[in-house]
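Secondary and tertiary structure notes
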Protein chains: 4
Amino acid sequence: MTTAVMDNEKMKTFKELESAVRSYSRGWPTVFEKAKGYRLWDTDGKEYIDFFAGAGALNYGHNNDTMQDKLIEYIQDDGILHSLDMGTTPRKKFLEKFQETILKPRNLDYKIMFPGPTGTNTVESALKIARKVTGRETVISFTNAFHGMTIGSLSVTGNSTKRKGAGIPLNHTVSMPFDQFVDDQDTTLYLESYLEGSSTGVDLPAAIILETVQGEGGINAARMEWLKRIEEICKRFDILLIIDDVQAGCGRTGTFFSFEPAGINPDIVCLSKSIGGIGLPMAITLIKPEYDQWTPGEHNGTFRGNNLAFLAATEALTYWETDDFSENIMERADFLKDTAESIVEKYPELKAEARGRGLMQGIAVHVDGLAEEICAEAFKRGLIIETSGPKDEVVKFLPPLIIDEEGLSKGLEILEASIKHVLA
Amino acid sequence: MTTAVMDNEKMKTFKELESAVRSYSRGWPTVFEKAKGYRLWDTDGKEYIDFFAGAGALNYGHNNDTMQDKLIEYIQDDGILHSLDMGTTPRKKFLEKFQETILKPRNLDYKIMFPGPTGTNTVESALKIARKVTGRETVISFTNAFHGMTIGSLSVTGNSTKRKGAGIPLNHTVSMPFDQFVDDQDTTLYLESYLEGSSTGVDLPAAIILETVQGEGGINAARMEWLKRIEEICKRFDILLIIDDVQAGCGRTGTFFSFEPAGINPDIVCLSKSIGGIGLPMAITLIKPEYDQWTPGEHNGTFRGNNLAFLAATEALTYWETDDFSENIMERADFLKDTAESIVEKYPELKAEARGRGLMQGIAVHVDGLAEEICAEAFKRGLIIETSGPKDEVVKFLPPLIIDEEGLSKGLEILEASIKHVLA
Amino acid sequence: MTTAVMDNEKMKTFKELESAVRSYSRGWPTVFEKAKGYRLWDTDGKEYIDFFAGAGALNYGHNNDTMQDKLIEYIQDDGILHSLDMGTTPRKKFLEKFQETILKPRNLDYKIMFPGPTGTNTVESALKIARKVTGRETVISFTNAFHGMTIGSLSVTGNSTKRKGAGIPLNHTVSMPFDQFVDDQDTTLYLESYLEGSSTGVDLPAAIILETVQGEGGINAARMEWLKRIEEICKRFDILLIIDDVQAGCGRTGTFFSFEPAGINPDIVCLSKSIGGIGLPMAITLIKPEYDQWTPGEHNGTFRGNNLAFLAATEALTYWETDDFSENIMERADFLKDTAESIVEKYPELKAEARGRGLMQGIAVHVDGLAEEICAEAFKRGLIIETSGPKDEVVKFLPPLIIDEEGLSKGLEILEASIKHVLA
Amino acid sequence: MTTAVMDNEKMKTFKELESAVRSYSRGWPTVFEKAKGYRLWDTDGKEYIDFFAGAGALNYGHNNDTMQDKLIEYIQDDGILHSLDMGTTPRKKFLEKFQETILKPRNLDYKIMFPGPTGTNTVESALKIARKVTGRETVISFTNAFHGMTIGSLSVTGNSTKRKGAGIPLNHTVSMPFDQFVDDQDTTLYLESYLEGSSTGVDLPAAIILETVQGEGGINAARMEWLKRIEEICKRFDILLIIDDVQAGCGRTGTFFSFEPAGINPDIVCLSKSIGGIGLPMAITLIKPEYDQWTPGEHNGTFRGNNLAFLAATEALTYWETDDFSENIMERADFLKDTAESIVEKYPELKAEARGRGLMQGIAVHVDGLAEEICAEAFKRGLIIETSGPKDEVVKFLPPLIIDEEGLSKGLEILEASIKHVLA
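Keep in mind that this is a model prediction, so the values were computed, not measured.

Taken residue by residue, the interface counts 30 residues in chain C and 29 residues in chain B. Together chain C and chain B conceal approximately 2,500 Å² of surface at their shared face, both sides included; 51% is due to carbon and sulfur atoms. The interface formed by chain C and chain B includes two salt bridges. Its salt-bridge partner being B:Arg163, residue C:Asp203 comes within 4.0 Å of it at the nearest N-O pair. Counting the contacts that link chain C with chain B gives 12 residue pairs in polar contact (both at pLDDT 80 or more). If you list the elements that add at least two residues to the side of chain C that touches chain B, you get helix H8 (160-164), strand S7 (173-176) and helix H9 (187-196) of chain C. Looking at the side of chain C that touches chain B, its residues break down into 10 nonpolar, 16 polar and four charged.

Put into structure tokens, the structure is as follows:
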């Protein structure tokens, strides 16, 4: 049997029964079974190195031993699994651990909201409370932003295909130029001019929402000065600053929050993906106490009380008790950056550039379709890696943060081999 | 120490660290720890009977033994937990089991979409695909409808407080009168007249979305004739019919889908809550093959691959292999109906009426604030039960479907005692 | 030369140079030259009786002698013609005459706004001030309503073809059923139920806007009890009542305002069309003093100071100094009603019914296309009459109010002859 | 009696009976009676020089003798005054004259639409047809744009106070930076980048609408290169270019259309104000034949057939039969420019700059409130002149185009005297 036929057989159930909307099972046509750390295995026993990390949901790798133990023990004890926003022991422990390990040491004062266990849900909750608190409707987002797929989040997302998917016009938002959108122009000047004027056609917004490093948008990392300027503008005009740290947060860029190096203090922070520790659905919204003006139940949802996720999330926070984890990430990040840059230099045919920061990096390949070919080849060779960017032009490195030097090197070797193969 | 002081101490963490939006931990001020079947225990060891079932997410009760075993075994084996929409063994098995146990025996032909693991996500996906397929923007929903809290779902939700929470106008939707909205008038006549006329101010909609029994809206059960008429109107005008079976589905009304007794065949069905079996976040959208016109990835999301949920969900479907489960539910439902009606009769001071069908019933209490007082008293006496309806005027019975006669009787006794106490 | 060829020659300029949007010059393919009272003449000298009255803009007939004299004299004196909302003598005189002749005798207290000289402009201004004063966004309009062609007015218009013309979704409005929309059902019950409930999906509106007799919508005359109920509902819920009297006002139904017989007191009244007396562009918006909360210039426009129109408008108001004019209209109206009813009875093949009140009447012909054929034939025979209604199914009588018995009889004879011809 | 008391007495009717929205009668508190050429007289016989020209509606001055004669003769002959879009002799003559005198000599091929007799109506019609033809919803407008006060036109207007007046959010539009919005940056780069990217949050628009010289926005004249670049971008992305020439057209900048010097060929052109010749309400929309895809009556309105306006409009076009008129305007414009610049230089305390082109110029005074004081003083001294700009900071010169050197000099002397007085 040829591979294609075998693949067909293997993927039959998905092809026949699942909706046409499925995507990852197309690019990676196999059935995954086990996973540990930075490695996965499919039903044929083939091993894969993970440079994808559940699109950022598996920063702590697959099946961390301690987390597994906590889950098993809890289930065995008939611990309450589903609890909406009722009080439960795991919820209590998570709240306390997050306060103690993350917020306090950073001098951050936020109320913690559980908005429903997905990224789009925390974004929707952030937009709602910002609009409520200010009494304004407009929200400013940025070119190449990605914030989610429900209508509220989609309205602050840039991608035109995804926007069209809404089937209705997406309003009450204004898209401003992200850092370096137009070469050599300070894009904050435009933003500020629009807000300064009283006749610019742009209403004073409730909030500005942004990712410090745009993941889906093509690994565009805003400069720290730019982030500071945005915060200044927000303060000057009394606009709430929302950082969507769903993908860039939870250590992805080296610090727990991606905005820490900029020294800014956002009014609202959105976290999801790796906040759940082991890949279980969870999200939180951090809101400065003065803006936590919700009435009880004003935003709700059935799955806000995923106690298994709370357990793993609490365990995951132990990584942040010392600086070791952060230092480790930066070390790996430097190695990744060096390798990415050397690849760019070595293969000028790629017309490529290295991008990103921390363990959120990418190689933008300015030859149509090439990035996708490279990732497809890498998969065959046992590396899970995907593209991002408006034209899927960026090979996106998103390894678990716990990856060791060996794993990282091995993955990068597969990648380089794939590039060579594709260019040949 | 008084109870209030003790409560204060116990709930301190939630009060101090969690956002003001929390609601259930206010009405039920305790910390829950364990749960099994139809019972819960808090950290003080106090036992509660569950007439709430995770707002419908725990139809199969808490911590079903077999499901627990499956989860533990899978975790122990390093089974892949988080997988977006990649192929995995649990996903495959769920697809096959759902096809075989649910769709085939009912002669239903649907593609299965995993839209993100919450109710609001399946609704958003349904609205999107209906708009895409028809090229139309308007969606018709009904008075007292509840479909979720993200902007798309909120726009088809009736509750004015929740709608205001959006902070922006909610458009592209038209609210039509639900069954029996105005006494003695056939509300489908209105709907039909609006669609027939070419000058009625209502555009031909992409879809009509409805719950067969409105849960949050006050346990309003549409009559089967009314549902049939709606389906006829949809066919006549080429409008897609979306049934939101998030709360009323998965056996809640006695059959797997709530619409089965009406003999209708919706174009799109939304399932969440109990589809995950043991209360883990999961949702699916069922779409007739001819309308499954998504492009790959057009709607996506990080937590579409919750493998623990798939395992429990697959196990839960075994309940539907024979008719026994359904018959059991109907038996309990009859008993519940009889008791509810006798309570209504016995306590005329309640100015009450019994409502609902299957194990989704309620007593509408037309004295301001009384329903809430009854539920608060019941909590003190060890019964978890909540209100619904636009004015929180309905005491809502939503026990796990696996509840036995004894549990049901005991719960209803507590309720009656609470009513007596409150009326005294 | 055949008539068609001659028509072609005559209409060449319009066909070649004017936009495809032109409509009346298609149905009435001639070039009009002169007009007096209820008669028009084309360039061939052919005479026409006018049952159209400039779509209601010529209630006082064509070229009233006194009005002509006033215009000529003013022009000869170099009177200022264009003046925005600067003070001018004709503006001053109009304001005083309107106050004295119309408002005072009816005990009505309104501020007079000049919103731009068209019907759609007065409607837009009414919607704006209602939204401003109440701080609410939604406006309720009715099935078959017509309020104008700019986006604000179009959003409260029912006609689906005209709505589609907007090219964008029309929002912030809710369409409720007009009087007798569904047979034998009191449509105010629906409206009231939607407003009473707190979970109906319909926000508390800023205003309800309606025409007492829907002209474009098919000559649907609301019953006086219905209008009273609407006013009651507005008062109960603190909603502003806007009467769009653009077509039904200025005496069209027998009284100056069409709502006088209902004894209601709207918060805002829109007037245009015949307010200008001789057919010159003019409009006013009447606003109760407590709601006249505009800031200066908040709504403006270049042509708010059409002094020729003010002159003719002031002269036209002399018709209302005594009751004679009103009585005359009612006399003609009775004759018209009797004739319309006898035609309906005499020609059952028309499947027709008589509708309307005052000199705003129609015969609804329930045979597809027939009403249009009748009007086309009438034109050939020297009668200017048009259709209205969602399917152009209503032959619409809108003669100048100054028409005498002879003119009315003659017109009706032509109409009957046309019906006979078409039916033959 | 003091002047204030006298003013009070004179303006009593307006203060008591007219809506608070009136504005010009506040700044110029008198009652105007007569006007001729570039001069007006009030009821006290006081003479005023007109640097306002009916906000651009009186380019040919007040009460042109020949136009007056035409009007009088037509009225005396019982010419039909009001005719919707029926064929009439004056409409025919206007169409032919416009074709022959304006379009043909400029090699322009447009269908002529009569959209209702106001500026906002032509803009609304332009937006509608552009959206219909392209099937797209978004329209791009510019910072500081002003296009009218009905909801469609307001949605492409920049002024935040006027926008708020809508009482609803204004959507389906994107505001881009006008020429020189940010110092030393080419704003077309931004626009183009937004359209080029597929993930910028800005949908491909139906049209771009702009004024070549922004009147209300503060006399901002776009450079010819900028206009050409905009046209290129429109062509590149298949976007319709709409020039709103309501104020800048009809010779205001020296050529009939304001865009002639740029050598561009817009797809749609909006004209109103001075198109009616003598200040009577009239507007036309010019549409390239390939985009004239209206169905008959899709946009309509009662006052599209203002025959008196057609007569004056036709007469006005005789000004354009030779180049003399245009040359005269340019001569006056040069003189005005020189004087404005010398004033700016002479009075540095004004912190002023001269702006504009043709006879559409201004002095931007960057001292708060000063421009308004200057205009108020000028009024007292017999000069009618108003401010514009987002903060009313621009003294705006808009004299009738027929003004002679003497009139212009005299007006400018009054202005300078007023400046001196105010600065003293």
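Note on the copies: chain C fits chain B at an RMSD of 0.0 Å, the axial shift is 0.1 Å, and the rotation between them is 180°. A rotation of that kind, with that shift, is consistent with a two-fold axis. The position closest to the rotation axis in chain C is occupied by the C-alpha of C:Asn171, lying 3.1 Å away. Both copies share a contact surface, since 97% of the interface residues of chain C are interface residues in chain B too.

Moving on, we come to the packing of aromatic side chains. The geometry of an aromatic ring pair is captured by the separation of the ring centres together with the interplanar angle, meaning the angle of the planes. Residue and element names in this part refer to chain D. For the coordinates displayed, the defined rule picks out 90 aromatic pairs over all chains. For the pair Phe51 and Phe397, a centre-to-centre distance of 6.2 Å together with 75° between the ring planes defines the contact as edge-to-face. Of this pair, Phe51 sits in the loop between strand S3 (47-50) and helix H3 (53-56) while Phe397 is found in strand S18 (residues 394-397), placing the two residues 346 residues apart along the sequence. Summarising the burial analysis for this pair, Phe51 and Phe397 share the class buried. Taken together, a centroid distance of 5.3 Å and an interplanar angle of 85° make the contact between Phe256 and Trp320 edge-to-face.

Let us look at the relation of the copies chain D and chain C. Superposing chain D onto chain C requires a rotation of 180° together with a translation of 0.0 Å along the rotation axis, leaving an RMSD of 0.0 Å. When you check the interface residues of chain D against chain C, 100% turn up at the interface there too, and the contact is symmetric in its surfaces.

Turning our attention to the sheet that holds strand S14 (residues 352-357) of chain A. Residues and elements named next belong to chain A. With antiparallel pairing, the four strands of this open sheet are ordered in space as S14-S15-S18-S17. The open sheet has two edge strands with one neighbour each: S14 and strand S17 (386-388). Pairs of neighbouring strands in the sheet enclose a mean axial angle of 30°, with direction left out of account. When strand S15 (residues 360-365) meets strand S18 (residues 394-397), the two strands line up antiparallel, connected through four bridges. By the bridge assignment for S18, Gln361 is matched with Phe397.

On to the pattern of salt bridges, then. Residue and element names in this part refer to chain A. Scanning the model with the defined rule gives 108 salt bridges over all chains in all. Of the charged contacts, one joins Asp179 and Arg223 as a salt bridge, the two residues approaching to 2.5 Å between their closest N and O atoms. One end of the pair, Asp179, is in the loop between strand S7 (173-176) and helix H9 (187-196); the other, Arg223, is in the loop between strand S10 (220-221) and helix H10 (224-237), and 44 residues separate them in sequence. Overall, the relative accessible area of 36% leaves Arg223 in the partly exposed class. With a closest N to O distance of 2.9 Å, Arg236 and Glu196 form a salt bridge. Pair noted here: Arg236 is in helix H10 and Glu196 is in helix H9, with a separation of 40 residues, a long-range link.

Each value, and the rule that gives it
Residues numbered from 1 in each chain as written. Chains lettered and ligands numbered in written order. Predicted model: local features only at pLDDT ≥ 70, side-chain atom pairs only at ≥ 80, totals over all residues. Heavy atoms only, no water. Contact = heavy atoms within 4.5 Å. Buried area = accessible area lost by both parts, 1.4 Å probe. Salt bridge = Lys/Arg side-chain N within 4 Å of Asp/Glu carboxyl O. Polar contact = N/O pair within 3.5 Å; in protein donor to acceptor, adjacent residues only side chain to side chain. Helix = DSSP H or I, 4+ residues; strand = E, 2+ residues; numbered from the N terminus. Nonpolar A, V, L, I, M, F, W, Y, C, P; charged D, E, K, R; others polar. Least-squares fit on C-alpha atoms with pLDDT ≥ 70 in both. Phe/Tyr/Trp six-rings, centres within 6.5 Å; stacked < 30°, edge-to-face > 60°. Buried < 20%, exposed > 50% of the residue type's maximum accessible area, 1.4 Å probe, protein only. Pairing = 2+ DSSP bridges. Axes fitted to C-alpha atoms, helices over the stretch in contact; angles between N-to-C directions.

In short, the description is geometric, and any link to function would need to be established separately.
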